[in-house]
Amino acid sequence: MLFWLPGMAGAQAGVFVDAAGRKVEIPDGVHRVLAAGPPASVLIYTLSPDKMVGWVREPSAEEKAFIAPAYRDLPAHGRLTGKGNTANLEMVLKMKPDLIIDVGTVDPTYASLADRVQQQTGIPYVLIDGSFARTPDSLRQLGELLGVKARGEELARYAETSLKRVEALAAGIAPDKRPRVYYGRGPKGLETGLAGSINMEVLGAVGATNVAEAAGKGGLANVSVEQVLSWNPDVILTLDPNFQASVLHDPQWAGIEAVKQGRVYRAPTLPFGWFDSPPGVNRLIGVSWLESVLYPQSKVDLRSEARDFYKLFYHVEVSDAQLDELLGPAKP
């Protein structure tokens, strides 16, 4: 929520109440924005790339091909939050942002970090709820905050349409008929998301069951082949090409139904992951991908939807060859 301080005109500094309930004073004219982590980086890029001071990490050559040319070579400044945080406060100050944005899980730890960085740098630091179900809200909030309200509304409406479609799809599937899915991260496929993990939200949105919920509640965790065998998923999803290539021929995994049926799919990852990596607004296109792989009877036109999404969100026109590159690994 953004409101103006008493006695001030709308063009002056405002106060933004962020997802942690923190009241953050926003300067007049936000022109330079720093992302605290990868989900924020993607969200800022989709809404107002001209305001980005840089990327959390330098995009690879493969990723740059799917990013608008004007923004491919922005400097890398590291991350302030999450695993492998690499940005230091000197770097933050050197980038001279008007505002720092973090998008994702909101809890006292992240709020404390935001307070500390804000106090030490004097730069306003805002937390946005990055849960998948709240994607339309996130787009509207940040759109207003960055002065691109109409753009935020346009993207939010796209998100609402996608979420309503999969909500209707999931509602029509009996609990005992829902696809049972295992998500294997890493070259061995033995890291996954437990119940409640932000990395698994899209799976729940399309009415599928995360078999790793049997291991309890939490975030990302390492599991064993024996555990996956006991869960016996119908479908295996991954981001890792090595795991996708090896699992169908690995005798340890041979007894799993997904392997027997050849239902091992790799989510597209360029320039950002469709399923995860990061768990941000980029997952919206993953809804259509999951619908196509989990429900073969679906009539979703994935190529058309991907083309439209990349134009609207990523500011690029993708070629047929690029679509082939994106969607090729998505098949068994």
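What counts and how
Residues numbered from 1 in each chain as written. Predicted model: local features only at pLDDT ≥ 70, side-chain atom pairs only at ≥ 80, totals over all residues. Heavy atoms only, no water. Pairing = 2+ DSSP bridges. Helix = DSSP H or I, 4+ residues; strand = E, 2+ residues; numbered from the N terminus. Buried < 20%, exposed > 50% of the residue type's maximum accessible area, 1.4 Å probe, protein only. Arc of directions from axis to C-beta. Contact = heavy atoms within 4.5 Å. Axes fitted to C-alpha atoms, helices over the stretch in contact; angles between N-to-C directions. Parallel < 35°, antiparallel > 145°, perpendicular 65-115°, else oblique. Nonpolar A, V, L, I, M, F, W, Y, C, P; charged D, E, K, R; others polar. Core = buried A, V, L, I, M, F, W, Y, C linked by side-chain atoms within 4.5 Å. Phe/Tyr/Trp six-rings, centres within 6.5 Å; stacked < 30°, edge-to-face > 60°.

### Topic: the pairing of strand 2 (residues 14–17)
Then step 1. Note: strand 2 against strand 3 (residues 23–26), four bridges, orientation antiparallel. Paired with phenylalanine 16 across the strands is valine 24, a residue of strand 3.

### Section: helix 13 (residues 320–327)
Then step 1. All of the buried residues in helix 13 are Gln322, Leu323, Leu326 and Leu327. Projected down its long axis, helix 13 shows its buried positions confined to an angular sector of 120°, all on one face.
Then step 2. In the core, the buried residues of helix 13 are packed alongside helix 12 (302–314).

### Re the packing of helix 11 (residues 284–294) against helix 12
Then step 1. Look at helix 11 against helix 12: their axes get within 10 Å of each other, and the N-to-C directions meet at 175°. The angle between the axes of helix 11 and helix 12 places the two elements in the roughly antiparallel class. In this structure, helix 11 uses Leu284, Ile285, Ser288, Trp289 and Ser292 to contact helix 12, whose residues at the interface are Leu302, Glu305, Ala306, Phe309 and Phe313.
Then step 2. Split into classes, the residues belonging to the contact of helix 11 with helix 12 amount to seven nonpolar, two polar and one charged.

### Things to note about helix 11
Then step 1. In terms of burial, helix 11 is a largely internal element, 10 of the 11 residues being buried.
Then step 2. All buried positions along helix 11 are accounted for by Leu284, Ile285, Gly286, Val287, Ser288, Trp289, Leu290, Glu291, Val293 and Leu294.

### Some thoughts on the nonpolar core
Then step 1. Formed by 76 residues in total, the largest nonpolar core has its most connected members in Ile101, Leu237, Trp289 and Leu294.
Then step 2. Excluding its chain neighbours within four sequence positions, the residues that come into contact with tryptophan 289 are Leu237, Tyr265, Arg266, Ala267, Pro268, Trp274, Phe275, Leu302 and Ala330.

### Quick word on the packing of aromatic side chains
Then step 1. Scanning the entire structure with this criterion turns up 18 aromatic pairs.
Then step 2. Note on tyrosine 45 and tryptophan 55: the rings are 5.4 Å apart at their centroids and 50° apart in plane angle, and the pair reads as tilted. Of this pair, tyrosine 45 sits in helix 1 (residues 38–47) while tryptophan 55 sits in the loop between helix 1 and helix 2 (61–64); the two residues are 10 residues apart in sequence, bridging distant segments of the chain. Tryptophan 55 carries the same exposure label as tyrosine 45, and that label is buried.
Then step 3. On the basis of an interplanar angle of 80° and a centroid distance of 4.9 Å, the ring pair of tyrosine 310 and tyrosine 314 is categorised as edge-to-face. Of this pair, tyrosine 310 and tyrosine 314 are both found in helix 12, four residues apart, which corresponds to roughly one turn of the helix. Accessibility classification places tyrosine 310 together with tyrosine 314 in one group, the buried group.

### Quick notes on the sheet that holds strand 7 (residues 180–184)
Then step 1. Judged by pairing direction, the sheet is parallel, and its four strands sit side by side in the order 9-7-11-12 without closing on themselves. The two strands at the open ends of the sheet, each matched to only one other strand, are strand 9 (209–210) and strand 12 (264–266).
Then step 2. Across four bridges, strand 7 lies against strand 11 (residues 235–238) in parallel orientation. Residue pairing for strand 11: tyrosine 182 is matched across the bridge by isoleucine 236.

### Description of the packing of helix 12 against helix 13
Axis angle and axis distance: for two packed helices, these are the angle between their axes and the distance between the axes, and together they describe the pair.
Then step 1. Interhelical geometry of helix 12 versus helix 13 gives an angle of 110° and a closest axis separation of 11 Å. It follows that helix 12 is roughly perpendicular to helix 13 by the angle criterion. Residue-level contacts link Leu302, Arg303, Ala306, Arg307 and Tyr310 of helix 12 to Asp320, Leu323, Asp324, Leu326 and Leu327 of helix 13.

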